[in-house]
Amino acid sequence: MKGCLSFIIKTVIAVLVFFGLLHLGVIDFIKDKIQEYKTETSSQEKMIDKTKDVVDLSEIEEEYTIDKNLKILKNRMIIAEHNASGQKMIMIEPKDGDILTKDDIKSDDIQTKLDSIVNKYKYKVVKFDKIEVVKHGSLEGLGQTIPYVKVVAQISNLPIKDMEGILGVAELEEGKNLIILSVNEKDKYSQIVADAFYKKVK
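Residues numbered from 1 in each chain as written. Predicted model: local features only at pLDDT ≥ 70, side-chain atom pairs only at ≥ 80, totals over all residues. Heavy atoms only, no water.

With respect to the packing of aromatic side chains
- Per the counting criterion, the structure on display carries two aromatic pairs.
- Between Phe197 and Tyr198 the ring centres are 5.0 Å apart and the planes differ by 85°, which places this aromatic pair in the edge-to-face class.
- Through pairs of rings, three or more aromatic residues link up here, namely Tyr64, Phe197 and Tyr198. (Phe/Tyr/Trp six-rings, centres within 6.5 Å; stacked < 30°, edge-to-face > 60°.)

The structure is reproduced here in structure tokens:
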């Protein structure tokens, strides 16, 4: 795998804390799980098979690698990486399906919603000093139009201080939601990379 393990760990922790899915005392558990998956020599075909109960990744291009398929505190997380840029594509099936919805993303009040989440969890493990909605947009994937917001975030207590990317929500069967993200360090994020990946996700 070409991905940087430390970046993956920090990204996973930041994302889970942001959504309130992670609480103090489980960081070592997450690190152990990621190390466990890192040592696994699963082929891409096996990873595709393991994730098909959530999404179909069988048509993604070879420039992307499926890095991780994790289940943490009943939250399912699939992480893929764009090999050339290191940009991460993250798909989360949260145990609380209503934590973020399509209507939330499309709302003019999405900044208020995100600020509320940040304020609620700002003193737990990862400190988000700021998250700013830059614009609304949409992409095609999973057989639907997925609304997203482009965001920039500042984190004060991780080596990665500035992150940039998109945050969206797709609808799955049985009324479930899938939170989708594509993130990279600020000024390295590419929407083209995100669009090309998600349009191949079924």
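Quick look at the nonpolar core
- Grouped together as the largest cluster of nonpolar side chains are 26 residues, with contacts concentrated most on Val55, Leu57, Met91, Leu178 and Phe197.
- Contributing elements (two or more residues each) for this core: strand S1 (64–72), strand S2 (75–82), strand S3 (88–93), strand S5 (144–155), strand S6 (162–171), strand S7 (177–185) and helix H6 (191–198).
- Those residues within four positions of Phe197 in sequence are excluded, and the remaining contacts are Leu57, Ile60, Tyr64, Ala80, Met89 and Met91. (Core = buried A, V, L, I, M, F, W, Y, C linked by side-chain atoms within 4.5 Å. Buried < 20%, exposed > 50% of the residue type's maximum accessible area, 1.4 Å probe, protein only. Helix = DSSP H or I, 4+ residues; strand = E, 2+ residues; numbered from the N terminus. Contact = heavy atoms within 4.5 Å.)

Quick notes on the pattern of salt bridges
- A complete count under the given rule lists eight salt bridges for this structure.
- Of the charged contacts, one joins Lys200 and Glu61 as a salt bridge, the two residues approaching to 3.7 Å between their closest N and O atoms. Here Lys200, found in the segment after H6, pairs with Glu61, found in the loop between helix H3 (44–51) and S1; they are 139 residues apart in sequence, far enough to count as distant.
- On the basis of relative accessibility, which here comes to 23%, the residue Lys200 falls in the partly exposed class. (Salt bridge = Lys/Arg side-chain N within 4 Å of Asp/Glu carboxyl O.)

So, the sheet that holds S6
- Pairing within the open sheet is antiparallel, and its seven strands lie in the order S1-S2-S3-S7-S6-S5-S4. Taken across any chain shown, the strands that pair with only one partner, and hence form the sheet edges, are S1 and strand S4 (128–141). The average undirected angle you get between the axes of adjacent strands in this sheet is 20°.
- Of the strand pairs in this sheet, S4 and S5 are connected by twelve bridges, and their pairing is antiparallel. (Pairing = 2+ DSSP bridges. Axes fitted to C-alpha atoms, helices over the stretch in contact; angles between N-to-C directions.)

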